[in-house]
Amino acid sequence: MLESKSTVFLVAGVGFFVLAFVVMGLLPWMIYMDQEEETLEDLVAKGIPHEFVELAERFPEQFSRHFPNGPTPSSFGDALQLGHDIYVAEGCWHCHSQQIRPVSNEDLRWGAVSHPSEYHNVLQRPVLFGTRRVGPDLIREAARRSNDWHIAHFYEPTNVVPTSVMPNYPWFFDEDGYPNRKGMALVAYIQWLGSWLPEYPYYQGEGPAGARSREGDEAALETRRMEGS
Amino acid sequence: MTSAASGALPNEDTAIPSASDLVIRRLVLWHFVAALTFVFVAMLAGLLFSFQLIQIYPFPGMEAFSPGRWRMVHTNGVAYGFIANAFLGALHWAVPRLTLRRVLSVKLSYFIFFAWQGVLLATVIGLLTGYAQAVEWGETPIFVDPVALLGLILVAINFLTPILKAKGPMYVTLWYFISAFVWTVMVYAMGSYVPEFFVGGTASGAIIGLFIHDLVGLFVTPIGWGLMYYFVPIILKKPIWSHGLSLVGFWGLAFFYPLNGIHHFLYSPIPMFLQYGAVISTIAVELVVTTVIINFFGTLRHRGDALRTNLPIRWFYLGMVFYFTTCLQCAFQVTLTFQRIIHFSDWVVGHSHLVMFGVFGFWILGFMTYLIPRLLNSAGWYRPSWNAWHFWLTGLGMLVMFFDLVIAGLIQGFMWKELAPWEATLTASAPFWLVRLFTGIAIVVGQLFFFANILMTAIHKRSIEPAPTPAGGELEGPSVVTA
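Residues numbered from 1 in each chain as written. Chains lettered and ligands numbered in written order. Predicted model: local features only at pLDDT ≥ 70, side-chain atom pairs only at ≥ 80, totals over all residues.

## With respect to the overall build of chain B
Turning to step 1, where the next piece is worked out: Along its length, chain B carries 16 helices and 0 strands.
Turning to step 2, where the next piece is worked out: Against the compact-globule benchmark of 23 Å for 483 residues, chain B has a radius of gyration of 22 Å, which places it among compact chains.
Turning to step 3, where the next piece is worked out: Projected onto its principal axes, the C-alpha coordinates of chain B cover approximately 70 × 45 × 45 Å.
Turning to step 4, where the next piece is worked out: Out of the 483 residues belonging to chain B, those deemed buried represent 57%.
Turning to step 5, where the next piece is worked out: Taking all contacts inside chain B whose residues are at least 6 apart in sequence as the whole, residues at least 24 apart take part in 84%. (Helix = DSSP H or I, 4+ residues; strand = E, 2+ residues; numbered from the N terminus. Rg over C-alpha atoms; globule rule 2.2 N^0.38 Å. Buried ≥ 20, exposed ≤ 12 C-beta atoms within 10 Å, placed from the backbone. Contact = placed C-beta atoms within 7 Å.)

## Regarding unusual backbone geometry
Turning to step 1, where the next piece is worked out: Look at the link from Arg125(A) to Pro126(A): it is a cis peptide, with omega at -5°.
Turning to step 2, where the next piece is worked out: Structurally, Pro126(A) is set in the loop between α6 (106–110) and α7 (147–155).
Turning to step 3, where the next piece is worked out: If you check the backbone angles, Ala143(A) has positive phi at about 60° while not being a glycine.
Turning to step 4, where the next piece is worked out: Summarising the element assignment, Ala143(A) is placed in the loop between α6 and α7.
Turning to step 5, where the next piece is worked out: A positive phi angle, close to 65°, is found at Gln55(B), a residue other than glycine.
Turning to step 6, where the next piece is worked out: Along the polypeptide, Gln55(B) turns up in the loop between α3 (25–53) and α4 (67–99).

## What about the packing of helix α3 (residues 50–58) of chain A against helix α9 (residues 181–192) of chain A?
Residue and element names in this part refer to chain A.
Turning to step 1, where the next piece is worked out: Across the interface, α3 lies against α9 with an axial gap of 8 Å and an inter-helix angle of 155°. By the angle between their directions, the pair α3 and α9 is classed as roughly antiparallel. In the packing of α3 onto α9, the handedness of the crossing is right-handed. Together, Glu51, Phe52 and Leu55 of α3 and Met184, Val187, Ala188 and Gln191 of α9 make up the contact between the two elements.
Turning to step 2, where the next piece is worked out: Of the residues belonging to the contact of α3 with α9, the class tally is 5 nonpolar, 1 polar and 1 charged. (Axes fitted to C-alpha atoms, helices over the stretch in contact; angles between N-to-C directions. Parallel < 35°, antiparallel > 145°, perpendicular 65-115°, else oblique. Left-handed = near helix turned anticlockwise from the far one by under 90°. Nonpolar A, V, L, I, M, F, W, Y, C, P; charged D, E, K, R; others polar.)

Structural data, given as structure tokens:
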């Protein structure tokens, strides 16, 4: 019987695959099903990071050309979506993860351990956990470095970090050397990653009001989980 | 079951149709040439990326030559260009022989050949122009996915028809093929559509884990093992050692392999009880794999000389040793203890290269070494010694690359844990990345020997003498009656 066509086709082929999909795919899906996936509008409504406003102040002429509405919520939404799409298209996620594990001192290096609720939004569809770190993790990157640092780094990473093996991205820049729409959007996206933590960035001792500590971030995430948001 | 063909003998027919009537030999060759073309492109893409890692990229700042995009050409080119094409060729050789029937439609086979190359070209162009999808190994642009899926469905129909029509008990190979056709279609549909359109966030991580793993485990592995169950007994002219172990191997793989997916995201926000489940089923796979390996080495008993005299057998068994290595490695690296250190590091890159190229790539190169002179109607290879160069450069290149990356991964993982500055981990990795570049070059040069040999064999096939007796290790091996 184990060698008959119908058994192999139905049990091994269809049956075991469906079983595994139910247990290992559908089950985690059902666990998080009741959590609303945040839309771009929801994400933007939480506030516009200072870095996006700073881009508009730093490059007024270029910014108004690329985002004619100024640093408004709708411009920020556009920038986030475009930045995310570039992040995917360029394969950034092959060398930069977006998850902090509770092991290997990752919380000391980067900040609060990742929480499922952080991924329930349209910009994590499909999720960008990543599987390899040639460069550092980016999910706590918001405000860790300045816009200028990122812009110089995208143009030629070795100018900023001599040992860097990251490629140059001159196509994020205009001919006159200013970041273009893509460049600004990607910087806005990177500077947004982790900005949803109430106490970011704890390592600089500045930012919005609230206790600035990793413990504070983790407590806030835990509260969020309890509230089922 | 002593021979593959006798098992599938139809009851109502007394005359066994000749293989030359059943097999579209030209198509087997075309698929092989396409596979080798894509593996060459994919290897060059890998080389490009390894140049980037040692900071001497030849085309800096050119959008279409961005290393990040070529990395996707590397992985997708190997999976869909090299392995899929080579498997389609081998299926066209093996399935008609095992079922004594043609594929459903020869026209459909030709259509699939051209459509698949079109899908691959569209994928490469899509990836290089910035239309990737954020699913590892499923980066295939969204607009290519429906065509690719339709292609896989047609492949399944084309090959399942003769298999399901064949009378009598089925040989092991066909168990693997039947389930592989079903699985591949479902895996591709799941990976391309579910995380993009239906499930987001953490849960999509679970689906992506399933996809990454099932692409290896439910498409490449079953067709690869199915072909081993076909080619090894034919070349050794003896049956598989134990039919019982064949059953254990197949059913164990079918049950445990699909459950492994989440082990790609251990310590992620995915619920811990599911991570534990994936760890346990992964370790179970290692036990199953051991039975398969025992079965094949039992088959080799009393014929160990074939490793010396028959190059295809040597490719196959080196691949099996690597398969056992990689599965044993997996049983350890999947534990939470190992994951603390080696996750995100080059250890995993070494592991995946050993699986995809060291195992399945080697099996493919092995059966190509066996089949290509037959497909060209040549008595043998133009220069058997070039095939030996191909074997040794590729094999040693792969072996050194594996150890190089595994050691690099351990160093990276421990430096990260010790909170070394990130730049310091790059400096520490640099020598390993240099060694990896050279192993890559060795592998590419090995393939050049193979390509040159194929070309010269095709040109000089009329003047090639059949190999006298197997001696010296680099010979084509005993001639085999292929019916």
